[in-house]
Protein chains: 2
Amino acid sequence: MLGNLMPSLQKKIIEQLPNRPKLIIMDTMNFWMDIAMEDLLKTISMVDLLMVNDGEARQLSGEYSLVKAAQKIMELGPKYLIIKKGEHGALLFHEKHVFFAPALPLEEVFDPTGAGDTFAGGFIGHLAHTKDISYNNMKTAIIIGSAMASFVVEKFGTERLQEITKEDISRRLNQFVDLVNFDMDVQ
Amino acid sequence: MLGNLMPSLQKKIIEQLPNRPKLIIMDTMNFWMDIAMEDLLKTISMVDLLMVNDGEARQLSGEYSLVKAAQKIMELGPKYLIIKKGEHGALLFHEKHVFFAPALPLEEVFDPTGAGDTFAGGFIGHLAHTKDISYNNMKTAIIIGSAMASFVVEKFGTERLQEITKEDISRRLNQFVDLVNFDMDVQ
């Protein structure tokens, strides 16, 4: 999991690995698109999953529609793409598939700092823990990332993450299930 | 289902009904909040479900957080509240429950005119057809409303709605299921 960093450095890290990992995830930002687009495109071509926000996906692809943006970005190399939309949730794209993870509607967002990194941590943590990098397990992972991010914004810095228990996490995950679960017998 | 109209007229319509329906839904907009707030609040107090967009929910409640806004609006009378967020989906509130229906990520939005009314039509159509006004069935109805709205924006006016078949609708509903469906065994 390559955190947001100078793309040329992310690339060097990949090249230093004696064995290529089964899954390389890369986070990046608009700043590198502005000043180091060539390095950025080279590094993007070497990873399996790219993680950006909606504005960055649009800037990188030149497309306003996130569906079109996703197709263009996956043509750059990554087989998977996560587009984070802040309080509006996150999208996971793979081939022709798309999965949507909502953000939990919160009474109050105390401090949004670290939400994106916490999301990434919850996501990669679930994949690493289950040793399953399938698209189906990525859907679960994106929900877990969203749940973790929903905690971190409730207090300053990492305060909230340091105090929550496993039960708090389970309860929150159940809220996500309730949030999107519906009955549909398509006739 | 009271479409968006002068609140005093919506009120008169309710009063003309010899028997109160089991479910009265009301659509409204910011314009009436600006010029007829008193009439609006009176009419809102007489309905079961209010349907507004996110900006209107904030204006009506004076709260930025949609969770807080929803609680304040339900205190005005309605037991159910739908907050529409356009391309970011819709929320259904009832007591302490919240359900989220995503909008389908589309390649192109050709003409958004009528999306809100089509959403309302699909929603009430499903409730009327199934004769089931439970919260659980409202979740399904909100997905059906979102699916119908996702069609109407694909062409001008009602063009797309006039040409789609039952199979088109079923296929689209399946896309909504795929969009939010995930495995979660909360430990």
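For the structure, see preceding data.
Here the structure is a predicted model, which means the values were calculated and not measured. (Residues numbered from 1 in each chain as written. Chains lettered and ligands numbered in written order. Predicted model: local features only at pLDDT ≥ 70, side-chain atom pairs only at ≥ 80, totals over all residues. Heavy atoms only, no water.)

*Asks:* Could you give an account of the relation of the copies chain A and chain B, with specific residues and numbers?
*Replies:* The operation relating chain A to chain B is a screw motion whose rotation component is 180°, with 0.0 Å of axial translation and a residual RMSD of 0.0 Å. Read as a symmetry element, the transformation amounts to a two-fold axis. The residues that chain A uses at the interface reappear at the interface of chain B in 97% of cases, marking a shared surface. (Least-squares fit on C-alpha atoms with pLDDT ≥ 70 in both. Contact = heavy atoms within 4.5 Å.)

*Asks:* Provide a residue-level description of the interface of chain A and chain B, including the pertinent values.
*Replies:* Contacts between the two partners involve 37 residues from chain A, matched on the other side by 36 residues from chain B. Area buried by chain A at its contact with chain B is led by A:Glu107, A:Phe182 and A:Met184, which between them contribute 18% of it. Counting across the interface, chain A meets chain B through 10 residue pairs in polar contact (both at pLDDT 80 or more). Of all the elements, helix α9 (residues 166–180) of chain A adds the most residues to the side of chain A that touches chain B, at nine residues. Across the side of chain A that touches chain B, the residue classes tally to 19 nonpolar, eight polar and 10 charged. (Buried area = accessible area lost by both parts, 1.4 Å probe. Polar contact = N/O pair within 3.5 Å; in protein donor to acceptor, adjacent residues only side chain to side chain. Helix = DSSP H or I, 4+ residues; strand = E, 2+ residues; numbered from the N terminus. Nonpolar A, V, L, I, M, F, W, Y, C, P; charged D, E, K, R; others polar.)

*Asks:* Account for helix α5 (residues 66–75) of chain A, with residues named and values stated.
*Replies:* All names here are of chain A. For α5, the set of buried residues is Leu66, Val67, Ala69, Ala70, Ile73 and Met74. One side of α5 holds all its buried residues, which, seen down the axis, span an arc of 160°. Those residues of α5 hidden inside the fold are in contact with β2 (49–53), α4 (54–61), β3 (80–84) and β4 (90–94). Between the side-chain oxygen at the start of α5 and the backbone nitrogen of valine 67 there is a gap of 3.3 Å, and the oxygen is on serine 65. After α5 finishes, the residue glycine 77 shows a positive phi value of roughly 145°. (Buried < 20%, exposed > 50% of the residue type's maximum accessible area, 1.4 Å probe, protein only. Arc of directions from axis to C-beta.)

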